[in-house]
Amino acid sequence: MARPDLHERIQAQQKLRGAQGRTRARRTVSRRDGVRLEVDGRWLTGFCSNDYLGLAQQFEVVAALQDAAARDGAGSTASHLICGHHANHDALEREMAEWLGYPRALLFDSGFSANLAVQQALLGDDNDVCVQDRLNHASLLDASRLAGCRLRRYPHLDTEGAMRQLKHAPDGAAMLVTDGVFSMDGDIAPLRSLSLVARMQQALFYVDDAHGVGVVGEDGRGCVADAGLGVNEVPLQLATLGKSLGGHGAVVLGDEALIQHLSETARPYIYTTALPPALAAASLAAIKLARRDHWRREKLTELIALFREGARRNGLELMPSETPIQPLLCGDESHTVAMANRLVEAGFLVSAIRPPTVPEGKSRLRVTLSALHTPAEVNALLEAIARARDVASFQQSLLASGS
Ligand SMILES: *Cc1c(COP(=O)(O)O)cnc(C)c1O
């Protein structure tokens, strides 16, 4: 038997990615100052971070991190169930549960591992099924594979599709899972109707609101609270600490029984080092600011309206999003990448999102707004995008005319 040589295989795959223009390269940020980033010796205005509220470098957040690190060090030294569980972790869990109106919260070192944990701990059987929106985050899809349950997907936002999938699923335990705010589209799931579907089909409803908590709703309590729902309709939800809260980690919220079960059985919780207590202190400070500083959300709302109005005026193709995630559909992959490169030349960093992260032909510039942007920066970005598009269409017309 001749086994495939792994080096040859990855070389062939890399060559294919190169031919498709899908090589992935990292940009190194050497300094950061709010929305400004120094990349390759040049300062750019970033429209690509998830620091929607501008808390990542906020003075009180960084001071909390420094104070706690001075007291407790850089790391937690062990997993939660050994001796790594610190009072700062406890305080953060309590604050998060109180803010979002849930009985209990459990802290994870990332949203990715929290998502793996929830399904692995609850859906173990061959007959168990996880029904998911087609555009859910990659970690939710991978979680079903890890859990070993059946995965069924429904068309984006399609409540009836979700109903059908649950109706025709095997009779094991079922979970209905959706992003709150969709990470690449910026739109919001129809949580009220999905919660009814889950109830009718006796499925546990899990909402991953990584991009909603902090941003959506008057008090930033996220999509679930904004839809008037709580632990009765959405027994489990995920909030992350690395996006609008500017830190790192994630929290799963639920009732006492579910959270206790996760803490005792979820492998991605048990077999990993606890988040550094200093990071928990930073997130605790960030939550207090997110709750107190309504101006951050008000400013975002104004910038979102400004961006959408300006994009329309410039004939750019918006997607139906009311959140700080404002993708501009470009369609063709190489065109999208060329646009992003031109924007860098103009002094703006915007990410080009392309397959496999989004479907073929749906490549986009994913613009994200932050409360730290100024209206002038948003207007300047829009002008740069319109110019980049005009240059591209001029070049295409030259190509088409054969000159
Ligand atoms: C970012 C994200 C995650 C992962 O969270 P991390 O803390 O970055 O690992 C999970 N779900 C969604 C919807 C996300 O956008």
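For the structure, see preceding data.
Residues numbered from 1 in each chain as written. Predicted model: local features only at pLDDT ≥ 70, side-chain atom pairs only at ≥ 80, totals over all residues. Heavy atoms only, no water.

A.B. asks: It is not clear to me how the overall build of the protein should be interpreted in this structure. Could you clarify?
C.D. replies: A count of helices and strands for the protein gives 15 helices and 14 strands. Here the C-alpha atoms of the protein give a radius of gyration of 22 Å, agreeing with the 22 Å that 2.2 N^0.38 yields for 403 residues. Counting only C-alpha atoms and orienting by the principal axes, one finds that the protein spans roughly 70 × 55 × 50 Å. Taking the intrachain contacts of the protein between residues at least 6 apart in sequence as the baseline, contacts between residues at least 24 apart amount to 71%. Taken as a whole, the protein presents about 18900 Å² of accessible surface, with 51% of it coming from carbon and sulfur. Taking the 43 positively charged and 47 negatively charged side chains of the protein as two groups, their mean positions are separated by 5 Å. (Helix = DSSP H or I, 4+ residues; strand = E, 2+ residues; numbered from the N terminus. Rg over C-alpha atoms; globule rule 2.2 N^0.38 Å. Contact = heavy atoms within 4.5 Å. Areas by Shrake-Rupley, 256 points an atom, 1.4 Å probe, with all protein chains shown as cover. Lys, Arg positive; Asp, Glu negative; His and termini not counted. Charge placed at Lys NZ, Arg CZ, Asp CG, Glu CD.)

A.B. asks: Would you take a moment to explain the site of the ligand for this structure?
C.D. replies: Every one of the 13 residues lining the ligand counts as a neighbour, but Gly111, Phe112, Asp208, His211 and Lys243 are closest to it. At 2.9 Å from an oxygen atom of the ligand is found a main-chain nitrogen or oxygen belonging to Phe112. Within the complex, 83% of the 380 Å² of free accessible area of the ligand lies under protein. Sorting elements by how many residues they give to the shell around the ligand places helix 5 (residues 111–122) first, with 3 residues. (Near = heavy atom within 4 Å. Polar contact = N/O pair within 3.5 Å; in protein donor to acceptor, adjacent residues only side chain to side chain.)

A.B. asks: Explain helix 12 (residues 277–292) here, please?
C.D. replies: Each full turn of the α-helix corresponds to 3.6 residues, which orients residues three or four apart in the same direction. Between its first and last C-alpha, helix 12 extends 23 Å over 16 residues, near the 22 Å set by a 1.5 Å rise per residue. Across the 16 residues of helix 12, 12 count as buried, placing the element largely inside the fold. Buried within helix 12 are the following residues: Pro277, Ala278, Ala280, Ala281, Ala282, Ser283, Leu284, Ala285, Ala286, Ile287, Leu289 and Ala290. Packing partners of the buried residues in helix 12 comprise helix 2 (59–72), helix 4 (87–100) and helix 13 (294–313). (Expected span 1.5 Å × (residues − 1). Buried < 20%, exposed > 50% of the residue type's maximum accessible area, 1.4 Å probe, protein only.)

A.B. asks: What's the story with empty space enclosed by the protein in this structure? I'm lost.
C.D. replies: It is the rolling of a water-molecule-sized probe over the atoms that shows where space remains empty. Under the counting rule described, the total for this entry stands at 1 cavity of 30 Å³ or more. Its volume calculated, the largest cavity comes out at about 50 Å³. His80, Leu107, Phe108, Asp109, Ser113, Pro268, Tyr269, Thr272, Thr273, Ala274 and Leu275 together form the lining of the largest cavity. At the level of secondary structure, the elements contributing two or more residues to the lining of the largest cavity comprise strand 4 (104–108) and helix 11 (267–270). (1 Å grid on protein atoms, 1.4 Å probe; cavity = no way out; pocket = protein on both sides within 12 Å on 5 of 7 lines; lining within 4 Å. Points joined across faces, edges and corners; volume = space filled by probe spheres on them.)

A.B. asks: Can you help me understand the nonpolar core in this one?
C.D. replies: What tends to happen in soluble globular proteins is that the nonpolar side chains get buried as a cluster. With 77 residues, the main nonpolar core has Met96 and Leu176 as its most contacted residues. When we break this core down by domain, the ones giving at least three residues each are domain 1 (28–53 + 293–401) and domain 2 (59–292). Apart from residues no more than four positions distant in its own chain, Met96 is found in contact with Val213, Ala239, Leu241, Leu245, Val251, Leu253 and Ile287. If you look at the next biggest cluster of nonpolar residues, it comprises 25 residues, including Leu123, Cys149, Leu236 and Val252. (Core = buried A, V, L, I, M, F, W, Y, C linked by side-chain atoms within 4.5 Å. Domains from an automatic or database assignment.)

A.B. asks: Is there a simple way to explain the layout of surface pockets in this structure?
C.D. replies: Computed from the structure, the second largest pocket encloses a volume of approximately 260 Å³. Taken together, 13 residues make up the lining of the second largest pocket; nearest its centre are Val215, Val216, Gly217, Thr301 and Glu322. Per element, the largest residue contribution to the lining of the second largest pocket is 5 residues, and it comes from helix 13. Each of domain 1 (28–53 + 293–401) and domain 2 (59–292) gives at least three residues to the lining of the second largest pocket.

A.B. asks: Looking at this structure, I do not really get the packing of aromatic side chains. What am I missing?
C.D. replies: Aromatic ring pairs are defined here through the distance separating the ring centres and the angle between the ring planes. Under the criterion given, the structure shown has 2 aromatic pairs. On the numbers, 6.2 Å between centres and 50° between planes, the contact of Phe47 with Phe348 is tilted. On the criterion of sequence distance, the pair formed by Phe47 in the loop between strand 3 (42–46) and helix 2 and Phe348 in strand 12 (residues 348–349) is long-range, its members being 301 residues apart. You can call Phe348 buried: its relative accessible area is 8%. Note on Phe108 and Tyr269: the rings are 5.3 Å apart at their centroids and 65° apart in plane angle, and the pair reads as edge-to-face. (Phe/Tyr/Trp six-rings, centres within 6.5 Å; stacked < 30°, edge-to-face > 60°.)

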